[in-house]
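Chain by chain, the residues:
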Amino acid sequence: MPIQKTQIAVAGAGTVGQMHIALAQGSPRCALSAVVDPSPAAQCIAQAAGVPWFTSLHDLLAVSEPDGVVLATPNHLHVPQALQCIEAGLPILLEKPIATSVAQGTQLLKVVQATGARVLIGHHRAHSPIMAQAKAVVDSGRLGQLVAIMGSATFFKPDEYFDSAPWRREKGAGPILINMIHEVHNLRMLCGEVAAVQAFASHAARGFEVEDTVAINLRFASGVLGTFLLSDTAACPRSWEQTSQENPAYTSYADEDCYVITGTHGSLSVPTMRLKTYASDAKRSWWQPFDTSVVDLARDDPLKHQLEHFGAVIRGEAVPRVTAHDGLQNLRVTEAIADAARTGQIIHL
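Below you will find a few notes about this structure. As the structure is a prediction and not an experimental result, all values here were calculated from the model.

## Regarding helix H10 (residues 302-314)
If you check H10, its first and last C-alpha atoms are 18 Å apart, about what 13 residues at 1.5 Å a residue would give, namely 18 Å. Burial of H10 is extensive: 10 of the 13 residues sit out of reach of the surface. All buried positions along H10 are accounted for by Pro302, Leu303, Gln306, Leu307, His309, Phe310, Gly311, Ala312, Val313 and Ile314. In this fold, the buried residues of H10 make contact with strand S1 (6-11), helix H1 (15-26), strand S2 (30-36), strand S4 (68-71), strand S5 (92-95) and strand S6 (119-122).

As structure tokens, this is what we get:
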């Protein structure tokens, strides 16, 4: 008997939405049922995929009820469209950020908790085999008690990135709000909840209204301390995109890392997965050599794993790996970093 595929509609046919559309078409367990987007380009995408095209969720729900919906729409639509789907009883994969503000995200979380809605937030790196393996090493105790994490997201965005969307130069944009939320979830996966942040921001390189470079300090509830360097004007490939080899759109450098996790017994560099540990407690000293190895890893597309996980959530086979609570915490930490950079104060969460 052929497998009955889980029917998924994708709302939003921009760059990210098109990735979801392609993955749904190629999935062994899921199928694309419709495309929802008012643009004429989306109509062409739906026609090419051989599925119905709708200009709004209202029109979709008036004539069809998919098993689940991917919301890859503009950020300001996330909460109202999520609430619309929840009211219709539909599971959703809601792209990050969960909302445009912590207040809005809190409103949505309350509804999710009250209704028991199945909501998966699209922090796709949570589905990365790299992150799964790094977390497994941390959880195994091989590094000892965690002490610190050093991270970076340094890359160079060309002029056309800003010329094509001038809003990226203005307040409400900048790498803290656009890029850092991706990193926050990874840091929380590895080190737990963030308790406080402080930050220095600069726009000296580009001179835009928004920052181009940020130095961030983090204190985790566990006592772990972290530093993070973020810049969209640094010609340096120590970013997830340029080291993980997960997105072929970016040139990757297999010898570079973007995270170093350190403990009392050793350290793990990610994503090269280079592991350095002492042979025994008695040999823990900066005068003694480390045992060195590389943790085995099978790289794969986290977006593909995320879609299959969403299908399992829809079918009741799994609970969301990234919950609405997680999405709100990621946004809360990101907003705190922006506030810390703006005020010069330590922000406690």
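Still more to cover.
## Examining the sheet that holds S1
Taken in spatial order, the six strands line up as S3-S2-S1-S4-S5-S6 in an open sheet, and their pairing is parallel. Across the chains shown, the open sheet's two edge strands, defined by having one partner strand only, are strand S3 (53-54) and S6. Inspection of the sheet shows S4 paired to S5 by three bridges, in the parallel sense. Its bridge partner being in S5, Val70 is matched across the sheet by Leu93. On the sheet, H1 packs against S1, S2, S4 and S5 and is oriented at approximately 145° with respect to S2.

## Some points on the sheet that holds strand S7 (residues 146-154)
Neighbouring strands of a sheet are bound in pairs by backbone hydrogen bonds; such pairs are parallel or else antiparallel. Overall, mixed pairing links the nine strands, which are arranged S14-S13-S12-S11-S7-S10-S9-S8-S15 in an open sheet. Looking at strand neighbours, the two that pair on one side only are strand S14 (291-294) and strand S15 (347-348), the edges of this open sheet. In this structure, strand S8 (residues 194-202) lies alongside strand S9 (residues 213-220), joined through eight bridges in antiparallel fashion. Counted as the bridge partner of Ala196 is Arg219 from S9.

## Quick word on unusual backbone geometry
The phi angle of most residues is negative, glycine excepted, and most peptide bonds adopt the trans form. Along the chain, Lys96 connects to Pro97 via a cis peptide bond; the corresponding omega equals -5°. Within the element layout of this structure, Pro97 appears in the loop between S5 and helix H5 (102-115). Here the bond from Val270 into Pro271 is cis, since omega is 15°, no more than 30 degrees from zero. In this structure, Pro271 sits in the loop between strand S12 (266-270) and strand S13 (274-277). The backbone of Gln245 shows a phi angle near 65°, a positive value even though the residue is not glycine.

## Describing the packing of helix H6 (residues 129-140) against helix H8 (residues 175-191)
Look at H6 against H8: their axes get within 9 Å of each other, and the N-to-C directions meet at 30°. On the basis of the axis angle, H6 is roughly parallel to H8. Counting all contacts with H6, which are made through Met131, Ala134, Lys135 and Val138, the residues of H8 involved are Asn186, Met189 and Leu190. Split by residue class, the contact of H6 with H8 holds five nonpolar, one polar and one charged.

## Digging into the packing of aromatic side chains
A complete count under the given rule lists five aromatic pairs for this structure. Relative to Phe290, the ring of Tyr278 lies with its centre 4.4 Å away and its plane at 25°, an arrangement referred to as stacked. One end of the pair, Tyr278, is in the loop between S13 and S14; the other, Phe290, is in the loop between S13 and S14, and 12 residues separate them in sequence. What makes Tyr278 buried here is its relative accessible area of 17%. With centroids separated by 5.7 Å and ring planes inclined at 70°, the aromatic side chains of Trp286 and Trp287 adopt a geometry described as edge-to-face. Comparing Trp286 with Trp287 shows no difference in burial state: the two are exposed. Across from the ring centre of Phe156, 5.1 Å away, lies the NZ or CZ of Arg206, which sits over that ring.

Conventions we followed
Residues numbered from 1 in each chain as written. Predicted model: local features only at pLDDT ≥ 70, side-chain atom pairs only at ≥ 80, totals over all residues. Heavy atoms only, no water. Helix = DSSP H or I, 4+ residues; strand = E, 2+ residues; numbered from the N terminus. Expected span 1.5 Å × (residues − 1). Buried < 20%, exposed > 50% of the residue type's maximum accessible area, 1.4 Å probe, protein only. Contact = heavy atoms within 4.5 Å. Pairing = 2+ DSSP bridges. Axes fitted to C-alpha atoms, helices over the stretch in contact; angles between N-to-C directions. Parallel < 35°, antiparallel > 145°, perpendicular 65-115°, else oblique. Nonpolar A, V, L, I, M, F, W, Y, C, P; charged D, E, K, R; others polar. Phe/Tyr/Trp six-rings, centres within 6.5 Å; stacked < 30°, edge-to-face > 60°. Lys NZ or Arg CZ within 6 Å of the ring centre and 35° of its normal.

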